[in-house]
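# An overview of the molecular structure
Chain by chain, the residues:
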Amino acid sequence: MDNLIATGLIGISLGSQYALLALGFTLIFGILGVVNFAHGGFYVMGGYVAYYCSVVLGLPFPVAVLAATLATAALGWLFETLILERVIEDHQATLMVTMGFYLVMATAILLLFGPESPEFSFPITGVWRAGGAYVPYANMVVIGVCLAAIVIVYWLIYRSGIGRAMRAMAEDRAVASALGMRTRALFPFAFALATGLAGLTGALVTPILALAPHVGDPVLAFSFLTVILGGLGSVAGATVAAFIVGMVEAYAAVYLGGSKGALALFVLVLLILVVRPQGLLGREVRRA
Amino acid sequence: MSNQASITRLPQARRPALLGGYEWATLCLVGFAFAVPVLTRNPQILSQTNLILIAATAALGVYIMLRMDLMSFAVPAFMAIGGYTVAVLSLKLGVTDAILLGVAAFVMPALCAVPLGWLILRLKGVYFVLVTFVLTEIVQLLLFEAAPLTGGSNGLVGMPAVTLFGIELMDNSQVLLTTAGLAFAGFTITALFTRHFRYEFTAIEKNDVLAESLGLACWRYKALAFSVAAGVSGLAGFALVNMLLTAHPTSFAPMSSVSYITYTIVGGKGAILGTLAGAALLVTATDLFALKGELSPGLFGLLIIVVTLVARGGVIGLAAKAAGRMRRASPAAPARVAPIAAVQARGVKS
Amino acid sequence: MSASLTASAGALRADSISKAFGGLKVFYDVSFTLPPAGLLGVIGPNGAGKTTMINIMSGRLPLSSGQVLLGDTRIDGRPVYANADQGLVRSFQQTATFAGSSVEDNLIAALRFAKRDRSVLERLAPLLDRFGLIECWRRHAEVLPYGLQKMLGLTMALATQPKMLLLDEPAAGLEKSERANIDAYVGFAQREFGCGILLVEHDMDLIRRLCPQVIVLDGGRLIAAGPPGEVLNRKDVIDAYLGGTDEEDADAQHS
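Quick caveat, the model's predicted, so the values are computed rather than measured.

## Details of the overall build of chain B
If you tally the helices and strands in chain B, you get 16 helices and four strands. For a compact globule of 350 residues, the expected C-alpha radius of gyration is about 20 Å, and chain B comes in at 21 Å, within 12% of that figure. Dimensions of chain B along its principal axes, counting C-alpha atoms only, are 75 × 45 × 45 Å. Here chain B holds 350 residues, and the buried ones make up 59% of them. Partitioning the intrachain contacts of chain B with sequence separation of at least 6 by distance along the chain shows that 80% fall at a separation of at least 24. Carbon together with sulfur atoms contributes 69% to the accessible area of chain B, which is approximately 14000 Å² in total. In chain B, which carries 23 positive and 13 negative side-chain charges, the distance between the mean positions of the two groups comes to 16 Å.

As structure tokens, then:
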């Protein structure tokens, strides 16, 4: 029973970090119509910026996390305005440049920091005991920050007109543009917000999980799983799906072992595609 | 108008060619690989040729799907299915005949792709990209998990040498012959397939809404192509397993799909020759600059961005453009539009 | 003259069709019948739902309620290609061709997709000649002038030998001098191929010239039906035209 609860908390912790990643991912898709293959790259970059600031420069951890968020958001902004914007109309090309950018990012990190995992651990140690359940304080901090960030993102989405634009774009991109929705002006902002979230997640999570140049690969795969499950471009869907993915992964890791959890998730995704291609909370998918 | 009808003549229909110029050139080049073991015994050249052929055959899976504007990350998944099929057949059932194994390496992935294609190709294009990516991850996990069949993290080792008409193909040059045979089969299938359905594929690439309105069931052709692409990838998987003498999950790492995409895009997705050229150039470059593993992804990424931003036709597109310019510059020869120019001229389609 | 194909073809019937996007109703309870080999004009101000109607009739958009029948077969919500197989083919308001392919290859593609042979092209030769498409037989579609691209798209639709053609503003964007081509096209389709035609159009002169019957849409409702001479003089129809301002959702070239 205690184990059950402890595992559930790990699931929530995983779910909240997946939610931050998937929110950004789905935001980029919903607004720009772009599948961001570089998402994992910003996650890794967030981790390394935080590592550099806190371990090498000796800054306090919260400052390092903030720096990571801002740095990834800034790079996202630059990438969007300088490269992505030039091919934004061609979805194949957007895929190519984000993928290429991911490779460049991963290689740059490798060149700068080397292939070894650096010594980077969460500054808060210790375990919170509730009855027989053990929860590391670090995970609780992660859950807290992630939930706060999710709330802020929701507020931003619905305050800044991003939400309205997303709903219109989901209905019909061309019509929304024709009707003068100034969605284009939102592109760099939305992209930077999303990459900043990925960087924030990386800064918070890599000291707990692992930091190495290639840890972005599985992040991308899990972002994909989450957004297919939740429905592409659906903000609420991504959030709900992220917690499902986190829970399944946590319980499968404890009770099934190995990588069976990921397999179970894939079967779930396949089933979803058969019975409800628009995802859990997504809108109707148009045949195309 | 009715009396006009009697005098109106349509231009003569051109007889459709079996294959185009690029296809013939590509098949000749791939066929030339059969001669390499005769010409040289240099192990370095033999193994480079082997690697290039395997990379190019694998990249054909990307090329076929890109003909319809679909980006596939599923190549390593189907390579793995083809490669492991061969390994299991030869280890557990004692099948060593290269032709039998080749057929199995094609058919098995192609069959696996049928239900998947049916499932995902009726959805929007982006779903296809995402699902192929996830699929490759899952096949990777399955290879580790299904240990009784796949050997798990040990992989499958100790395969007997393949035979052709009872003759063992064991040493370096003979392994290259097997690879060359598989690559030639893969390129021939791809060339004939994309040529035969060129109207359908072009229509789906350029304007699928219009194609459907004229009666084309687009998703069926996409699913068919997905299956053929899977089969060709399986051939590459066979060649890889045969070269390494082992079937191991790491040979089919999900991120290797990015390399195959890079070969196709950088070489030029407008013609089958581009896939071969891209594989040859980049495999050689990786080797020349000793960019083993660590730095080559960065180079690939940079090339992908550059090609996407400034040279959509890739290397082949640039070459065709340059050739066209030279032809126009020389007054004797009449200018002709290179067929590859069509890649640059693609319209915006959302 | 138009007897060859019409015997087997049934009428195209919209049976109180409605459509809503999300909560927004754009189309209310519209019914009409297009008899085999008939010609029915559809007019209405911008935003009246004319393109939406063609999208629904061709199968591209599912209905919210009601049904569309071709003969006795219910066809709404079926895939567009399946309806095209049944002989229900649409054209697009914008130019719609396969870029990078020659005029010839565009037409061959249409023939292939509809499973017709090249003899259909021979039958279309007078039309192709009149439009000036034969002179640019080997040129790429996307480099042709707008008017020619549009006529190519229309001819491709006709090359499938449809029983029913849904034409979405065929004259839109054409020069005044090119508009006679539409008359020729519609006449040819009816005479030589026995097509029934649903003609959505803004050009009132064209509608008056060609259509024995018209229906009028406004704000997603059918507000009038009858011969054009009579309908176009009705006060509510005139008011609808003066009042209409919204942009039509033009969606031919995006999916």
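After that view of the structure, there is still more to cover.
## Comments concerning the overall build of chain C
For chain C, the count of helices and strands is 10 helices and 10 strands. A compact globule built from 255 residues should have a C-alpha radius of gyration of about 18 Å, and chain C, at 17 Å, falls within 12% of that. If one aligns the C-alpha atoms of chain C with their principal axes, the spans along those axes are about 50 × 40 × 40 Å. Here chain C holds 255 residues, and the buried ones make up 58% of them.

## Describing the packing of helix α4 (residues 43-66) of chain B against helix α9 (residues 172-196) of chain B
All names here are of chain B. Following both chains from N to C, one finds α4 and α9 inclined at 25°, their axes separated by 9 Å at the closest point. Relative to α9, the element α4 lies roughly parallel. The handedness of the crossing between α4 and α9 comes out as left-handed. When α4 is examined against α9, the residues P43, L46, T49, N50, L53, I54, A56, T57, L60, Y63 and I64 are found in contact with a partner set consisting of N172, S173, V175, L176, T179, A180, A183, G186, F187, T190, F193 and T194. Among the residues forming the contact of α4 with α9, the class breakdown is 14 nonpolar, nine polar and no charged.

## Notes on the environment of I88 of chain A
Residue and element names in this part refer to chain A. Its place among the elements puts I88 in the loop between α3 (61-82) and α4 (91-113). Its relative accessible area of 10% is what places I88 among the buried residues. Along the backbone, I88 and F187 are 99 residues apart, and their C-alpha atoms lie at a distance of 9.8 Å.

## A look at helix α11 (residues 218-244) of chain B
Residue and element names in this part refer to chain B. If you check α11, its first and last C-alpha atoms are 39 Å apart, about what 27 residues at 1.5 Å a residue would give, namely 39 Å. Across the 27 residues that make up α11, a large majority, 22, are buried. Within two residues after α11, L245 carries a phi angle of roughly 60°, on the positive side.

## What to know about the pairing of strand β8 (residues 196-200) of chain C
Residue and element names in this part refer to chain C. The buried fraction of β8 is high, at five of five residues. Side chains G196, L198 and V200 of β8 all project onto a buried face; the interleaved residues I197 and L199 project onto the opposite face, where all are buried too. Pairing geometry for strand β7 (residues 164-168) and β8, over five bridges, is parallel. Bridge pairing in β8 places M164 opposite G196. Read as a crossover between parallel neighbours, the route from β7 over helix α7 (residues 180-193) to β8 is right-handed.

## Section: the interface of chain B and chain C
Taken together, the contact pairs 33 residues of chain B with 44 residues of chain C. Both sides together, the interface formed by chain B and chain C hides about 3300 Å², and carbon and sulfur atoms give 65% of it. Between chain B and chain C we count one salt bridge in total. Here E200 of chain B ties to R112 of chain C by a salt bridge, and the two come within 3.0 Å at their closest N and O atoms. Here chain B is connected to chain C by four residue pairs in polar contact (both at pLDDT 80 or more). Those elements that place two or more of their residues in the side of chain B that touches chain C are α1 (2-5), α10 (198-213) and α11 of chain B.

## Section: the nonpolar core
Buried together is how nonpolar side chains tend to be arranged in soluble globular proteins. F37 of chain A, F73 of chain B together with L124, L158 and Y185 of chain C are the most contacted members of the largest nonpolar core, which totals 267 residues. If one sorts the elements of this core by residue count, α11 of chain B sits on top with 15 residues. What F73 of chain B contacts, discounting residues up to four positions off in sequence, is F37, L95 and M99 of chain A together with V129, T132, F133, T136, S257, V258 and I261 of chain B. Counting 26 residues, the second largest nonpolar core, distinct from the first, contains L12, F27, I54 and M57 of chain C.

## Details of the sheet that holds β8 of chain C
All names here are of chain C. Strand order in the open sheet formed by six strands is β6-β7-β8-β3-β9-β10, with mixed pairing between adjacent strands. With one partner strand each, in any of the chains shown, β6 (88-90) and β10 (221-226) form the two edges of the open sheet. Adjacent strand axes in the sheet meet at a mean angle of 20°, parallel and antiparallel pairs treated alike. Where strand β9 (residues 213-218) lies against β10, five bridges are found, and the strand directions are antiparallel. Directly across from D218, in β10, lies its bridge partner R221.

## Examining a positive patch on the surface
A contiguous patch of positive charge on the surface is contributed by K321, R325, R327 and R328 of chain B. For R327 of chain B, the location among the structural elements is in helix α15 (residues 314-329).

## Quick word on the confidence of the model for chain C
Residues and elements named next belong to chain C. In the predicted model, chain C carries a mean pLDDT of 84, and the fraction of residues at 70 or more is 90%. Confidence over residues 1-8 falls short of pLDDT 50; this stretch has nine contacts with residues more than four positions distant or in other chains. Throughout residues 244-255 the model reports pLDDT below 50, and contacts reaching past four residues in sequence, or to other chains, amount to 34 contacts. Interface predicted TM-score (ipTM) for the complex: 0.87; the corresponding pTM is 0.86.

## So, the interface of chain A and chain B
Taken together, the 47 residues of chain A in the interface contact 46 residues of chain B. At the boundary of chain A with chain B, total buried surface from both sides reaches about 4100 Å², with 79% on carbon and sulfur atoms. Considering only the surface of chain A that becomes buried against chain B, Q92, M96 and F266 of chain A emerge as the three largest contributors, covering 14% of it. There are two residue pairs in polar contact (both at pLDDT 80 or more) connecting chain A and chain B. Broken down by secondary-structure element, the contributors of at least two residues to the side of chain A that touches chain B are α4, α9 (216-230) and α11 (260-275) of chain A. Counting residues per element, the side of chain A that touches chain B draws most heavily on α4 of chain A, which supplies 15 residues. Considered class by class, the residues forming the side of chain A that touches chain B number 32 nonpolar, eight polar and seven charged.

Rules of the game
Residues numbered from 1 in each chain as written. Chains lettered and ligands numbered in written order. Predicted model: local features only at pLDDT ≥ 70, side-chain atom pairs only at ≥ 80, totals over all residues. Heavy atoms only, no water. Helix = DSSP H or I, 4+ residues; strand = E, 2+ residues; numbered from the N terminus. Rg over C-alpha atoms; globule rule 2.2 N^0.38 Å. Buried < 20%, exposed > 50% of the residue type's maximum accessible area, 1.4 Å probe, protein only. Contact = heavy atoms within 4.5 Å. Areas by Shrake-Rupley, 256 points an atom, 1.4 Å probe, with all protein chains shown as cover. Lys, Arg positive; Asp, Glu negative; His and termini not counted. Charge placed at Lys NZ, Arg CZ, Asp CG, Glu CD. Axes fitted to C-alpha atoms, helices over the stretch in contact; angles between N-to-C directions. Parallel < 35°, antiparallel > 145°, perpendicular 65-115°, else oblique. Left-handed = near helix turned anticlockwise from the far one by under 90°. Nonpolar A, V, L, I, M, F, W, Y, C, P; charged D, E, K, R; others polar. Expected span 1.5 Å × (residues − 1). Pairing = 2+ DSSP bridges. Right-handed = clockwise from strand over helix to strand, strands pointing away. Buried area = accessible area lost by both parts, 1.4 Å probe. Salt bridge = Lys/Arg side-chain N within 4 Å of Asp/Glu carboxyl O. Polar contact = N/O pair within 3.5 Å; in protein donor to acceptor, adjacent residues only side chain to side chain. Core = buried A, V, L, I, M, F, W, Y, C linked by side-chain atoms within 4.5 Å. Patch = residues over 30% accessible without salt bridge, like charges linked within 9 Å, V, L, I, M, F, W, Y side chains within 5 Å. pLDDT = per-residue confidence, 0-100.

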